[in-house]
Amino acid sequence: MNTVVVVDYGSGNLHSACKALERAGNDAGSEVTVRLSSDPDEVLKADRVVLPGVGAFADCRRGLDAAPGLTEALTELVQEKGRPFFGICVGMQLLASRGLEYEITAGLDWISGDVAPIRPADPSLKIPHMGWNDLTQVRPHPLLDNLLNSGRSRDAYFVHSYALTAARPEDVVATTDYGGAITAFVARDNVAGSQFHPEKSQGFGLALLSNFIRWRP
């Protein structure tokens, strides 16, 4: 049995993420149980974990820390036990060292860097960056390999006003262009995350989540 825990900390498209993971499990031919939980004990039993996120960086970090023992359980599961982790939107941004949205807020610091406002070179581009954008893969990774070069749509769905600038270029797997390159996908070891929403990105997003369910980093 492959158990995926979607972390429930009061943020994110939780229902959509769970449904997409269940469907992706079927597509992957894997017997998957998807659980929505904020219980540290349940998180520690997971085979893999997904951290969604919608809203302000600081609010999401406070929500995560408000659940007793949850941040510590995630750290033990992911950083010590090496279980696969996937962050979505602000869930990906929380991987950073700091968020600079209205205030300076410490992130998990699993992917070194800062989350700062998007500043497109073209002033006519509106913020938030919202809608479908093409991805450019800048280095190989099992979650994206054979997706962006397979002839399928390379478009993913974004909704955000802030973006992660990674301190280490090798942590960036894919970018998108919105008046300049914006980090769209990051990964290091057993940790990965997307600025876009795979649960809203139709066939491409489901294929990515299927890869995550099969992933053995």
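Residues numbered from 1 in each chain as written. Predicted model: local features only at pLDDT ≥ 70, side-chain atom pairs only at ≥ 80, totals over all residues. Heavy atoms only, no water.

Asker: Tell me about unusual backbone geometry, and please be specific about residues and values.
Answerer: Residue Ile127 is joined to Pro128 through a cis peptide bond whose omega torsion reads 10°. By the element assignment, Pro128 lies in the loop between β7 (113-117) and β8 (129-134). Although it is not a glycine, Cys89 adopts a positive phi angle of roughly 60°. Within the secondary structure layout, Cys89 lies in the loop between β4 (85-88) and α5 (90-93). What makes Cys89 buried here is its relative accessible area of 4%. (Helix = DSSP H or I, 4+ residues; strand = E, 2+ residues; numbered from the N terminus. Buried < 20%, exposed > 50% of the residue type's maximum accessible area, 1.4 Å probe, protein only.)

Asker: How would you explain the environment of Gly193 if you had to name every residue and give the values?
Answerer: Within the element layout of this structure, Gly193 appears in strand β14 (residues 191-194). Spatially, the C-alpha atoms of Gly193 and Ile111 are 9.9 Å apart, while their sequence positions differ by 82 residues. Discounting chain neighbours no more than four positions away, the residues touching Gly193 are Phe86, Gly87, Met92, Ala184, Phe185 and Val186. (Contact = heavy atoms within 4.5 Å.)

Asker: Can you lay out the sheet that holds strand β13 (residues 181-188) for me, pointing to particular residues and giving the numbers?
Answerer: With mixed pairing, the eight strands of this open sheet are ordered in space as β2-β1-β3-β4-β14-β13-β12-β9. Two strands in the sheet have a free side with no partner beyond their single neighbour: β2 (32-37) and β9 (136-137). Where strand β1 (residues 2-7) meets strand β3 (residues 48-51), three bridges bridge the pair, whose relative direction is parallel. Pairing of Val5 across the sheet is with Val49, part of β3. In this fold helix α4 (residues 70-80) packs onto β1, β3, β4 and β14, with an angle of close to 130° to the strand it touches most, β3. (Pairing = 2+ DSSP bridges. Axes fitted to C-alpha atoms, helices over the stretch in contact; angles between N-to-C directions.)

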